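Geometric and topological summary
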Amino acid sequence: MIRQAKGKTPRRPPKKPSSNQKDPVGVYCRVRPLGAGDEECCIEVISSSTIQLHAPEGFKTNRNGEYKETQYSFKKVFGVSVSQIELFEHVAKPLVDDLLHGKNGLLFTYGVTGSGKTFTMTGSPGQGGLLPRSLNMIFKSIGPYQAKRYVFKTDDKNGMEVQNEVDALLERQRRENNLPVQKTSSRQKFDPEIADMIKQEEDFEADGIDEDSSYSIFVSYIEIYNNYIYDLLEENQEDAIKPKWNGGGTPVRQNTEFIPPQSKILREDHNHNMYVAGCMEVEVKSAEEAFQVFWKGQKKRKVANTRLNRESSRSHSVFIIKLAQAPLDADGDNILQDKNQVSVSQLCLVDLAGSERTGRTGAEGTRIREAGNINQSLLNLRTCIEILRENQMCGTNRMVPYRDSKVTHLFKNYFDGEGKVRMVVCVNPKADDYEETLLVMRFAEMTQEVEVARPVDRPICGFTPGRRQRNQAFKEELTRKLEERGPTGRDVPTIISHLVHSLPPLPSCELTDPHDDITLPRLIESLQNRQRIRQIMIDEYNQTANTMRTMLQELDSNLISNDNFIHEQNGKLMEKDKIIQNNKAEIERLEKRTKMQEHKIDILQKTTKIYEDDKRLLQQELGTRDQRLHKEQSEKRRMEQRMHGVVSDTQHKWEKECDRRVNAMQLQMQNKLWVKDEKLKQLKAIVTESKTPGRPDPPPRQTQPQRPSREERLPAKRSASPSPVPTTTPVRPLHRRSRSAGGEKWVDHKPSSSLDLGTVLQPVIPNAIQVSAPSEKALSKCDRYVLTHQEVASDGEIETKLIKGEVIRTRGGGQSVQFTDIETLKQELTTVPGRKRKSSEGKPANGAPTDGAWTDVETRCSVAVEMKAGSKMGPGYEHHGITKRRKP
């Protein structure tokens, strides 16, 4: 067996070019009357095409501090007093006209929950909505031109087939025999909830209907619940399931469980139109029957009681009206048996579930999940509309995410293909719905800017118009002629009497004379003529009977041969039936495999969606980080420029300071040199005077040095150069002594474990609150804080530290303490009392200070112990005073 080479996948047939002319989406607004319990209204109808929104009291104002009022324009605005018939005449009637002329249409209601969408679409008894009025107008227009039932037949691929009336009759009989459906009369009693939806005086009828065509209407009803599609016209949707058995012979489920509704899938036909595969399409012949089918599915729709709506729709419902139209043949008697001449158009009436906030509806459990799916599907619808608008206005080619939601995926061909799209925005004027209504208005305003290709007219079949009327006139004339000719058939007694009257009449048989020789011969001759005529008639009858017998025999033989032929054909049909059964089994297997593959495709699509979402989030995060990095780099560059300026300023400042210090140091060194020069001059003068001849040496004195005279003690006159700068270290302003003498209020924190040392000098802080443990109340009343801390020093003595700080208010309303400096109090005990030593005794030659200089009381009083706040080093000694000069 030679295996064929695997070829390439055939290319997808090109999509039909859409019309160059485009029309914007028609958006209408309907305002619901204010409820009895609602007092404040936030919507005002300004004109027939404009409404104005008022922010309710207590709502967030704009920047100017005034209430912000916004106006929105629509194609037409319907106020609270507008009737259902007026709404239908402006919104749905043009779509029904297009449907009857072979064009597609889409009409959907949009708004928040409780805004009147279902009432607008369905209505109530005596006030029929858009859906029942559309059905009534369709059947009023095509009533005389409807085809018989089952002449049009769906092919389960969103197409339509046509069959002759004989096949349609057999199909009807087969279905009536197989399906135990109760026949309903034309006077069927309808549900009182849907009775008298439309009054007779409110009927509409379309103009320009093609009378040379036959029509048939098919309806289907689906709902999209939690992003799954369910058929509301299925009979076994709520039946109990049988127990399923696994490989071990154990039931998988209990008998008490119910089969969940089988979700349907979306497919694309050869014209690139989306349809629901496996959806039941019911052929209807009247508006009452069609609305009865709709009401049957409406009872299965998912509704629930919420805080905002007693019967809130939990799913999106789609009612599809499909019109099949085919032209009559040239004689105008039968439908043309050509599938290519069948035109199919459809009108989708969509009742979208309302967007809601779970906080307002009080949803819990399953209701939260339903609300989340509803809001997500509406968000996807808004996203698709926004991207379509951007592509059309900006010329971009962004991909529209139709597949993210079943709602947008189902109506993809309306926005990308041809058709007319209209939307009715229902709003509730109560103040509680102001925020949701604002979002709805923004979406409606954006939808009006989207354009859809205008549908083109279907081609004409080419037959002569007026065929149906001519055929009907011919039938009426033929019937009249037959009635004028009278009855053509006669019964057997009439034929026999006619034959008797056709024989020659008998002469008079009355004998008046026994010797009459005329009457009897005349009678005999007449009877002989009758006998002869009778014999001729018998011969003709026998000849005709033989001919008829021969014909019957031939018919019998033909019948037998036909029976044999039929038997043979039945055998062939049985073989064909077996082949068909095998093909059906194969088709079922392939369908199951297809469903499995589609399920896998759905899983892969969901996984792909998750990955795309993650990719989008990562790209957004990457973009955010790039922006942050760019911002940090720009901030870094600005900081570098700022720091460069600061460094330049600081460098310039320090250069000036260094120059100033160098000049000061040079001046100081010059002063020192001048002082040394003066001392050297004085010493040289003394040495010179002591070696002068003629002057006797002074007598020896005791070792005690002589006090210099007053003139000698006086310093020599200095030059005009500046005086030398003292060499002591300057005191920093930050290391000041306690500021407790000011008018600030202090918290004096002395722990209970502190010891009383009995010293003479004690720290006294005026205007202070003494506490043993700090508290928030005490800190809130003061500005400064001091902690008395005692510890044992390295020499074994107790050392007292006063840790000071400032009380700072924090943003949270509390207080915090920031420590600024530390004062150390130390007590020393002298062991060996000594005599006061002079600083001049034992002074080394190089002028370095000795330990005796620290024993002087004046020197010790001029030294303080201080430690910087936050320093890791121990307290250091700095000489902050100039030693007082002693008198000689």
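Basis of the calculations
Residues numbered from 1 in each chain as written. Predicted model: local features only at pLDDT ≥ 70, side-chain atom pairs only at ≥ 80, totals over all residues. Heavy atoms only, no water. Helix = DSSP H or I, 4+ residues; strand = E, 2+ residues; numbered from the N terminus. Buried < 20%, exposed > 50% of the residue type's maximum accessible area, 1.4 Å probe, protein only. Contact = heavy atoms within 4.5 Å. Phe/Tyr/Trp six-rings, centres within 6.5 Å; stacked < 30°, edge-to-face > 60°. Core = buried A, V, L, I, M, F, W, Y, C linked by side-chain atoms within 4.5 Å. Salt bridge = Lys/Arg side-chain N within 4 Å of Asp/Glu carboxyl O. 1 Å grid on protein atoms, 1.4 Å probe; cavity = no way out; pocket = protein on both sides within 12 Å on 5 of 7 lines; lining within 4 Å. Points joined across faces, edges and corners; volume = space filled by probe spheres on them. Nonpolar A, V, L, I, M, F, W, Y, C, P; charged D, E, K, R; others polar. pLDDT = per-residue confidence, 0-100.

Next up on the list: the environment of E205. Note that E205 resides in the loop between α5 (165-178) and β12 (213-225). On the basis of relative accessible area, E205 is assigned to the exposed category, the value being 53%. Expressed as a C-alpha distance, the spacing of E205 and I142, which sit 63 residues apart in the sequence, is 8.9 Å. Here E205 is in contact with M137, K140 and S141, once residues within four sequence places are set aside.

Under the counting rule described, the total for this entry stands at 10 aromatic pairs. Where F294 meets F319, the ring centres are 5.3 Å apart and the plane angle is 85°; that geometry is what we call edge-to-face. Here F294 is found in helix α6 (residues 287-298), whereas its partner F319 is found in strand β19 (residues 316-327), with 25 residues between them in sequence. Exposure remark for F294: the relative accessible area of 2% places this residue in the buried category. A relative accessible area of 1% places F319 in the buried class.

Membership of the largest hydrophobic core comes to 56 residues, with the highest contact counts inside it found for I51, F74 and F411. Ignoring any residue separated from it by four or fewer positions in sequence, one finds F411 in contact with L106, V318, C348 and V350. Counting 44 residues, the second largest nonpolar core, distinct from the first, contains L87, V91, L131 and A290.

Here we come to the environment of K804. Looking at the element boundaries, K804 is found in strand β26 (residues 798-809). With 19 residues separating them along the chain, K804 and E823 place their C-alpha atoms 8.0 Å apart.

Right, let's get into the pattern of salt bridges. Under the counting rule described, the total for this entry stands at 23 salt bridges. Across the pair R389 and E449 runs a salt bridge whose closest N-O atoms are separated by 2.3 Å. Of this pair, R389 sits in helix α8 (residues 366-394) while E449 sits in the loop between α11 (434-447) and β22 (451-453), and the two are 60 residues apart along the sequence. The exposure class of R389 is partly exposed, given its relative accessible area of 27%. Among the residues examined, E449 registers a relative accessible area of 34% and is labelled partly exposed. E657 is the salt-bridge partner of R661, the closest N and O atoms lying 3.2 Å from each other. Linking R661 with E657, this pair stays in helix α14 (residues 519-690), spanning four residues, or about one helical turn. Classification of R661 by relative accessible area gives partly exposed; the value is 48%. Judged by its relative accessible area of 22%, E657 falls in the partly exposed class. Via salt bridges that share partners, E657, R660 and R661 belong to a single interconnected network.

Looking now at empty space enclosed by the protein. Under the counting rule described, the total for this entry stands at five cavities of 30 Å³ or more. Quantified by volume, the largest cavity comes out at close to 70 Å³. Together, L106, F108, V350, L352, L381, V407, T408, F411 and F415 line the largest cavity. For the lining of the largest cavity, the elements supplying multiple residues, two or more each, are β7 (105-110) and α9 (406-410). When grouped by side-chain class, the residues that make up the lining of the largest cavity number eight nonpolar, one polar and no charged. Roughly 50 Å³ of volume is contained in the second largest cavity. Forming the boundary of the second largest cavity are M121, T122, L131, Y221, F294, Q298, R301, S317, F319, L349 and D351.

Moving on, we get to the confidence of the model for the chain. Summary statistics for the chain give a mean pLDDT of 77 and a share of 72% for residues scoring 70 or more. Within the chain, the element-level pLDDT minimum falls on strand β29 (residues 876-879), averaging 40, and the maximum on strand β2 (residues 26-31), averaging 94. Taken as a whole, residues 181-188 scores under 50 in pLDDT and shows one contact with residues more than four places along the chain or in a different chain. Taken together, the stretch residues 698-741 has pLDDT below 50 and engages in 41 contacts with residues farther than four places along the chain or on a different chain.

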